[in-house]
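Listed here are the chains, written in short residue letters.
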Amino acid sequence: MKELRLMKGNEAIAEAAIRAGADGYFGYPITPQSEILEYLMAEKPYETTGMVVLQAESEVAAINMVYGGASCGKKCWTSSSSPGISLKQEGISYMAGSELPGIIVNVVRGGPGLGTIQPSQADYFQATKGGGHGDYRLLVLAPASVQEMADFIPLGFDLAFKYRNPVMILTDGVIGQMMEKVELPEFTPRWTEEEIVKMSGDWATTGKTPDRERNIISSLILDSAKQEKHVKKLELKYKAMEADEVRYETFQCEDAEYLLVAFGSTARICQKSVDIARAKGIKVGLLRPITLYPFPTIPIHELASQVKGMLVVEMNLGQMVEDVRLAVNGKVQVEHFGRCGGMIPNPDEIVKNLVSKIIGG
Amino acid sequence: MAVITREDIIKPENLVYKRTSLLVDCALSYCPGCGHGTAHRMLMEVIEEMGIQSKTIGVAPVGCSVLAYEFLDIDVQQAAHGRAPALATAIKRLMPEKYVFTYQGDGDLAAIGTAETIHACNRGENFVIIFINNGIYGMTGGQMAPTTLPHMRASTCPYGRDTETMGNPLKITELVATLPGTCYVTRQAVHTPGNVRKTKKALRKAFEYSYAKKGVSLVEIVSNCNSGWKMTPVQSNKWMEENMFPYYPLGDIKVPAAE
Amino acid sequence: MAKVKGAIVINNERCKGCEVCVDVCPESVIAMNKNVNTKGYHYAMVTNENCTGCTNCAVVCPDGVITVYRVKVPTEVV
Ligand SMILES: Cc1ncc(C[n+]2csc(CCOP(=O)(O)OP(=O)(O)O)c2C)c(N)n1
Ligand code: SF4
Ligand code: SF4
Ligand code: SF4
Ligand SMILES: [Mg+2]
């Protein structure tokens, strides 16, 4: 039976993982996401579902634990916030190179450096353009509500295993700390060893039985021709994601003459801005990318034929705006309005910027 | 009476020693005389004799043994430099019924992976660490390692390791032996028949103790790197006895309480 | 009392000519060939029939290229 609860985003994501049949969580404390590890430690899923919860010695160790567990075909995940995610980039790149499934949650805070513990979206580039070394992509999901925090865990595992690729949930302290009503999914039992062998026995290190060759998890391919072939194979997965996994939401776009583009918590604020603008007679719509990679390029491109201009609103100096501009390809004016350093844009200033930067006057 | 000829002796029923079939039938990538090969063979002999091939998962490091998975006929994960104990932690916790080991060089284990090593040992994870200490970074061309001996030359300390500026060689094995999380800590070598046999016994104990949930077993193997040391293999083994063993004495450092 | 007699087989192509086996043989059975294998290594070879099958050479060979056989021989046969 589905269950309704009032929860913080960080708690919802932790509870959702237990219910999704996750096998292992490995984390390290950092604000504003420590509640995830705290919640799991308090819930003790290792006594109920058998999910392993471990406080690692660092984010580096935590992501490498995810690597070790994922290599066994297990559902593993980790979470952190910006400075910790920087440390995880080594392991994320290795996971992508070795084609390992897993979820990395980034509850973004303002940076660079130690920055601030306040919310930010400044890790968009890091999440969508690589972050670690080498040619790879993460599937990036951007929740805008506590409900989506919970929903994106099972979805994230599905996608991670479907593509054998790490998935990132890119959120921020607003959603992580916000309390909302959430409908929790039913419990999915953890996969048994037999199920894992059946599903992933052709690649996972579950122990070499006489009926198969040994399984090796490695991202090392010294022969350049073979390395190129491997990267091209990864590219095919990314192309498939671009074709099949784009997720987005539109709000009052039907008659829109102007478009706001925003993700995550900023998109929620922009919904307010749409209402304010419409009350003033300005026909504005909102497009919210749910997957930041693959990016909703086509729907944005199509809206460029309908609207007169777009304002991209982000809690950074202008990152996603580059992808919007690529999608629009010069057809209409695309401007950026951003707050950063932990400052959150308010609905009125968004409308003001839409007027001054796009509509004119 | 007929004299027994070579042909009479070389028959399957008279076989007393052959390379274990758990080592993949291919040439090892190591330099001539390198102890990595012998260490691999002892490891696989133990896995064969214990009958645990299907229950064993290994973790290969970054270092000369990065390609260990090419040679070991078991499931292996290749780790980022120094991170093997983190991988092994997750593998063993998620699959407690498996035998899990890491195989790591001194740069991997005692420099870049110091945190992962010490914390896995401190948590008392139930896996085996096989630590190949050759006092140098073999793979990258003979740079100084945390274990490089005082005054020993390496490509990044061409005038010898100056302990004033570079510190003293790290005895990480003694260090982890002080942690309650380790159950069996021993230092061995693989350059003479006697030492090879002792190493094999140590590896077997290590697998047994850690499987019995006593904590981390760490088997250090003091080994040669004749390429990095710029010696012949035979010279390097002699140099190892004369210079490495006084600083890194062989023998058990810690055994489980019941022993 | 029976004596033992052994014989070793060296996989010449896999031998890397490291010479580690030479010194550990109590019977001085092994020496290096002046010829090289296709990899360019002088490979180890058997020089006499004194092998007792003690396995020392095979145990230390880093590349595991030595196979050892041994038989018990009644003294009068030898
Ligand atoms: C993050 C990172 N830093 C540096 C390297 C380069 N590197 C490869 S192997 C190695 C040293 C290996 O030395 P050791 O662990 O002693 O193993 P050995 O080759 O001596 O067996 C280094 C520095 C790397 N691969 N990754
Ligand atoms: S470089 Fe040194 S450690 Fe590496 S294979 Fe050669 S001898 Fe062995
Ligand atoms: S088995 Fe013993 S006696 Fe025979 S060649 Fe090898 S080391 Fe020498
Ligand atoms: S120890 Fe092995 S590789 Fe080295 S010379 Fe002897 S047979 Fe050849
Ligand atoms: Mg080394």
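A brief look at the structure comes next. (Residues numbered from 1 in each chain as written. Chains lettered and ligands numbered in written order. Predicted model: local features only at pLDDT ≥ 70, side-chain atom pairs only at ≥ 80, totals over all residues. Heavy atoms only, no water.)

### Regarding the sheet that holds strand 3 (residues 75–78) of chain B
- The eight strands lie next to each other as 9(A)-3(B)-2(B)-4(B)-5(B)-9(B)-8(B)-10(B), forming an open sheet whose pairing is mixed. Of all the strands in the sheet, the pair left with one neighbour each is strand 9 (216–217) of chain A together with strand 10 (251–254) of chain B.
- Sheet analysis places strand 4 (residues 99–105) of chain B next to strand 5 (residues 128–133) of chain B, joined by five bridges and oriented parallel. Residue Tyr103 of chain B lies in a different strand from strand 5 of chain B, and its bridge partner there is Ile130 of chain B. (Pairing = 2+ DSSP bridges. Helix = DSSP H or I, 4+ residues; strand = E, 2+ residues; numbered from the N terminus.)

### Side note on the interface of chain C and chain B
- Contact residues are listed per partner, giving 33 residues for chain C and 35 residues for chain B.
- When chain C packs against chain B, the two sides together hide about 2,800 Å² of surface, and 62% of this comes from carbon and sulfur.
- The largest contributions to the chain C side of the interface with chain B come from Arg14, Val59 and Tyr69 of chain C, which together make up 21% of the buried area.
- Applying the counting criterion to the chain C and chain B interface returns one salt bridge.
- A salt bridge links Arg14 of chain C to Asp25 of chain B, with the shortest nitrogen-to-oxygen separation between them at 2.9 Å.
- Put simply, chain C and chain B have 14 residue pairs in polar contact (both at pLDDT 80 or more) between them.
- Taken together, the elements giving at least two residues each to the side of chain C that touches chain B come down to strand 1 (3–10), helix 1 (20–24), helix 2 (56–60) and strand 4 (66–73) of chain C.
- The biggest single contributor to the side of chain C that touches chain B is strand 4 of chain C, with seven residues.
- For the side of chain C that touches chain B, the per-class residue count stands at 20 nonpolar, six polar and seven charged. (Contact = heavy atoms within 4.5 Å. Buried area = accessible area lost by both parts, 1.4 Å probe. Salt bridge = Lys/Arg side-chain N within 4 Å of Asp/Glu carboxyl O. Polar contact = N/O pair within 3.5 Å; in protein donor to acceptor, adjacent residues only side chain to side chain. Nonpolar A, V, L, I, M, F, W, Y, C, P; charged D, E, K, R; others polar.)

### Description of the packing of aromatic side chains
- A full pass over the atoms with the stated rule returns 11 aromatic pairs over all chains.
- Between Tyr99 of chain B and Phe207 of chain B, the ring centres sit 6.4 Å apart and the planes meet at 55 degrees, which makes this aromatic pair tilted. Here Tyr99 of chain B, found in strand 4, pairs with Phe207 of chain B, found in helix 9 (residues 193–211); they are 108 residues apart in sequence, far enough to count as distant. Of the two residues, Tyr99 of chain B and Phe207 of chain B, both sit in the buried class.
- A centroid spacing of 6.0 Å and a plane angle of 75 degrees characterise the contact between Phe101 of chain B and Phe207 of chain B, whose relative ring orientation is edge-to-face. Here Phe207 of chain B lies in helix 9 and Phe101 of chain B lies in strand 4, a separation of 106 residues in the sequence. As far as the burial class goes, Phe101 of chain B and Phe207 of chain B line up, both buried.
- An aromatic cluster of at least three residues, connected via ring pairs, comprises Tyr99, Phe101, Phe207 and Tyr211 of chain B.
- Here Lys75 of chain A stacks its cationic end above the ring of Trp191 of chain A, 4.5 Å away from the centre of that ring. (Phe/Tyr/Trp six-rings, centres within 6.5 Å; stacked < 30°, edge-to-face > 60°. Buried < 20%, exposed > 50% of the residue type's maximum accessible area, 1.4 Å probe, protein only. Lys NZ or Arg CZ within 6 Å of the ring centre and 35° of its normal.)

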